[in-house]
Amino acid sequence: MDNLLHAPVSRLRREFEGLDFHPGHLPWARRVSEGDRDAQRELAEAVRACHRLTVEPYWHRGRSELVALSTRFANLVLEGGIDLLLRSICAPLVRWRPPVLEAPYPRRVEVHLQGRGLIITPTVFSKHPVSFLWDPLDTAQPPRLTVPALRRPLTGTGPAEADGSAAWNLESLLGRTRAAALHVTAEGCTTKELARRLNVTAAAASQHATVLRNTELITTSRRGGSVLHLITPLGLALLQTGALTEQ
């Protein structure tokens, strides 16, 4: 929202000029593209409302998927460098033929990075398998390649989770501290971070992580000088509303 509200008028005009609007919306769209502050705030509030309905209910699960893919990408770089990472991204849609990375695009175009780099962005909400985003008029910003982070659709937590029944059942099954540890690993964490979030010693956090890992509720992988704990699909199933209350 900050980017939207502080975007220069020249950028807004470029973004809006290729869009088709309903005739009744044209005056409002023109005001936004000309930098009218009230119209921009209306757009920002509409985006926030859309976020609450279409993104927020799924974000807990979506973030877990993004952390998992980020960990996989990091491991690929450690194992075989950037070459292995680029060869592993969404094959065969994306093909790495050094020094050229080929990706689907509506028309044939060559984009020269010229030292800007390339941002690889995992996404959980795009309907396209792969998207390539770049602004030919803004040579300072690196292009962005979005790749899917999901193999199956997200499911929302839904309003039923607010009554806490699933959380209570999870605590009954795992114990309060270990249930809290499982929630923390949904975002990905190191042992040190887990200990801090649970307010326990590092040794205790490591023991809780070991139990969760041995029951296949989390995975643990090494990242630099520390380890990263991440929830598994089985662990996520336990966090889903109703998964435990129905048992």
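Here is what the cut-offs are and how they apply
- Residues numbered from 1 in each chain as written.
- Predicted model: local features only at pLDDT ≥ 70, side-chain atom pairs only at ≥ 80, totals over all residues.
- Heavy atoms only, no water.
- Buried < 20%, exposed > 50% of the residue type's maximum accessible area, 1.4 Å probe, protein only.
- Helix = DSSP H or I, 4+ residues; strand = E, 2+ residues; numbered from the N terminus.
- Arc of directions from axis to C-beta.
- Contact = heavy atoms within 4.5 Å.
- Salt bridge = Lys/Arg side-chain N within 4 Å of Asp/Glu carboxyl O.
- Axes fitted to C-alpha atoms, helices over the stretch in contact; angles between N-to-C directions.
- Nonpolar A, V, L, I, M, F, W, Y, C, P; charged D, E, K, R; others polar.
- Core = buried A, V, L, I, M, F, W, Y, C linked by side-chain atoms within 4.5 Å.

1. With respect to helix H8 (residues 191-198)
Every buried residue of H8 is listed here: Thr-191, Leu-194, Ala-195 and Leu-198. What you see down the axis of H8 is that its buried residues fit within an arc of 100°, all on one side. Those residues of H8 that are exposed and angled more than 90 degrees off the buried face are Lys-192 and Arg-196. Contacts from the buried residues of H8 go to helix H7 (176-185), strand S6 (189-190), helix H9 (202-214) and strand S8 (226-231). Positive backbone phi, at 60°, marks Asn-199, one or two positions downstream of H8.

2. Describing the pattern of salt bridges
Overall, the coordinates contain 10 salt bridges when judged by the stated rule. Its salt-bridge partner being Arg-41, residue Asp-38 comes within 2.8 Å of it at the nearest N-O pair. Of this pair, Asp-38 and Arg-41 are both found in helix H4 (residues 37-54), three residues apart, which corresponds to roughly one turn of the helix. According to the relative accessible area criterion, Asp-38 is partly exposed, its value standing at 47%.

3. Comments concerning the packing of helix H2 (residues 9-17) against helix H3 (residues 26-33)
Two elements in contact, H2 and H3, have axes separated by 8 Å at closest approach and are oriented at 145°. Here Val-9, Leu-12, Arg-13 and Phe-16 of H2 lie close against H3, whose contacting residues are Ala-29, Val-32 and Ser-33. Considered class by class, the residues forming the contact of H2 with H3 number five nonpolar, one polar and one charged.

4. A short note on the side chain of Thr-190
Tracing the backbone through its elements, the reader meets Thr-190 in strand S6. According to the relative accessible area criterion, Thr-190 is buried, its value standing at 17%. Once residues within four sequence positions are removed from consideration, Thr-190 is found in contact with Ser-226, Val-227, Leu-228 and His-229.

5. Details of the environment of Val-111
Counting through the fold element by element, Val-111 comes out in the loop between strand S2 (100-102) and strand S3 (119-123). For Val-111 and Trp-134, which are 23 residues apart along the polypeptide, the C-alpha to C-alpha distance reads 8.7 Å. Excluding residues that lie within four positions of it along the chain, Val-111 makes contacts with Arg-116, Phe-132, Trp-134 and Pro-143.

6. Structural notes on the nonpolar core
In this structure, Leu-174, Leu-182, Leu-194, Leu-212, Leu-217 and Ile-231 are the most contacted members of the largest nonpolar core, which totals 19 residues. Of all the secondary structure elements, the ones that give two or more residues to this core are H7, H8, H9 and helix H10 (233-239). Element by element, the count of residues in this core is highest for H7, at four residues. Excluding anything up to four places from it in sequence, Leu-174 contacts Ala-179, Leu-182, Leu-212 and Leu-217. Of all hydrophobic cores here, the second largest spans 14 residues; its members include Leu-76, Leu-84, Leu-86 and Phe-132.

7. Observations concerning unusual backbone geometry
Residue Pro-99 follows Pro-98 across a cis peptide bond; omega there is 5°. One can find Pro-99 in the loop between strand S1 (95-97) and S2. Here the phi dihedral of Gln-114 falls at roughly 50°; this positive angle occurs in a residue that is not glycine. Mapped onto the fold, Gln-114 is located in the loop between S2 and S3. Judged by relative accessible area, Gln-114 falls into the exposed class, the value being 72%. The backbone phi angle of Asn-199 is positive, close to 60°, even though this residue is not glycine. Within the secondary structure, Asn-199 is located in the loop between H8 and H9. Take Asn-199: its relative accessible area is 72%, and that puts it in the exposed class.

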